[in-house]
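Residue strings, one per chain:
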Amino acid sequence: MTTLQRVGCACGQVTLEVDGPHIATVECLCNSCRKAGEVMMTLPNASRIVDEKGATPFVMHRKDRVQFLTGADRLREYRLSSDAGTRRVVATCCNTPVFMEMKGGHWLSLYGKLWPEDALPKLEMRTMTGDLANAEGLPNDVPNLKQHSLSFYARLFGAWVRMGFRNPQIVIDGDLHV
C-alpha cells in the first residue's frame, strides 16, 4: 500500500510529496542543528525551528521517495561554513526550512514544520542529547540518545538497501545569504 503525503512551506509556494513510510521521526539536539536553527530563525518572517528544549524536529525520508511538486526554484542552501558537509535548504518565499542533507546521505531530514501539526508523524527518539550542557530536563516520552544509536544506523542502512544502494542527487540553484 502506497501512502502519499503532501507537505510544504508556510506560505504554500513550495510543496513536496513524500511516498511511503518514513525512516524515523526525530528531534535533533546537536550543536550544529541548534546553531543553524538560531541563524535561520533570524530570517524575515521565519517561524520557530528550534523548540524550548533546543530540539529541531525532523522526519527522515529516503531521497527517492521525495518529489518537489512546486517551488523548487525558490529553494536555496545554507551551510554553517563554506566547507561544511551538511546543508540546510530553505524556501525563500517565506524562509521555511525544508530539509537538511548530510554529504553522501541517501535520505533527507525534512523539517517537521512542513507537516500540519495534526499530521506530523509521532516522535520516535531524540538524538545527540550528549551535545547539551544538561540533558536531565528532557522528557522521558521517547529514548533520549546521547549520540546516534546502532538501531538508528540500522534504519538508515535498511533504507539504503531498499534503494538499491543509490544516492539520488538534489540540485539546489543558489545559496541562502544570511
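Residues numbered from 1 in each chain as written. Predicted model: local features only at pLDDT ≥ 70, side-chain atom pairs only at ≥ 80, totals over all residues. Heavy atoms only, no water.

1. Some remarks on the overall build of the chain
Looking only at helices and strands, the chain has 2 helices and 10 strands in total. Counting from the amino terminus, the chain carries its helices and strands in the arrangement β-β-β-α-β-β-β-β-β-β-β-α. The globule rule puts the C-alpha radius of gyration for 178 residues at 16 Å, and the 15 Å found for the chain is close to it. Taking the principal axes of the C-alpha coordinates as reference, the chain spans close to 40 × 40 × 35 Å. Within the span of the chain, comprising 178 residues, buried residues form 48% of the whole. (Helix = DSSP H or I, 4+ residues; strand = E, 2+ residues; numbered from the N terminus. Rg over C-alpha atoms; globule rule 2.2 N^0.38 Å. Buried < 20%, exposed > 50% of the residue type's maximum accessible area, 1.4 Å probe, protein only.)

2. Observations concerning the pairing of strand S9 (residues 107–111)
With 5 of 5 residues buried, S9 lies mostly within the body of the structure. With 5 bridges joining them, strand S4 (residues 56–62) and S9 adopt antiparallel strand pairing. Following the sheet pairing, Val-59 is matched in S9 by Leu-110. Pairing between strand S8 (residues 96–101) and S9: 2 bridges, direction antiparallel. (Pairing = 2+ DSSP bridges.)

3. Comments concerning the layout of surface pockets
Estimated volume of the largest pocket: approximately 310 Å³. Lining the largest pocket are Glu-27, Arg-48, Ile-49, Val-50, Asp-51, Pro-57, Gly-112, Lys-113, Trp-115, Pro-116, Glu-117 and Leu-120. The class makeup of the residues in the lining of the largest pocket is 6 nonpolar, 1 polar and 5 charged. (1 Å grid on protein atoms, 1.4 Å probe; cavity = no way out; pocket = protein on both sides within 12 Å on 5 of 7 lines; lining within 4 Å. Points joined across faces, edges and corners; volume = space filled by probe spheres on them. Nonpolar A, V, L, I, M, F, W, Y, C, P; charged D, E, K, R; others polar.)

4. Comments concerning the sheet that holds strand S2 (residues 15–19)
Taken together, 3 strands build an open sheet; the order of strands is S1-S2-S5 and the sheet is antiparallel. The open sheet has two edge strands, strand S1 (4–8) and strand S5 (66–70), and neither has a second partner. On average, each strand axis in the sheet is tilted by 25 degrees relative to the strand beside it, whichever way the strands run. Taken together, the 4 bridges between S2 and S5 define a ladder with antiparallel strand orientation. Looking at the pairing, Val-18 lines up with Val-66 of S5. (Axes fitted to C-alpha atoms, helices over the stretch in contact; angles between N-to-C directions.)

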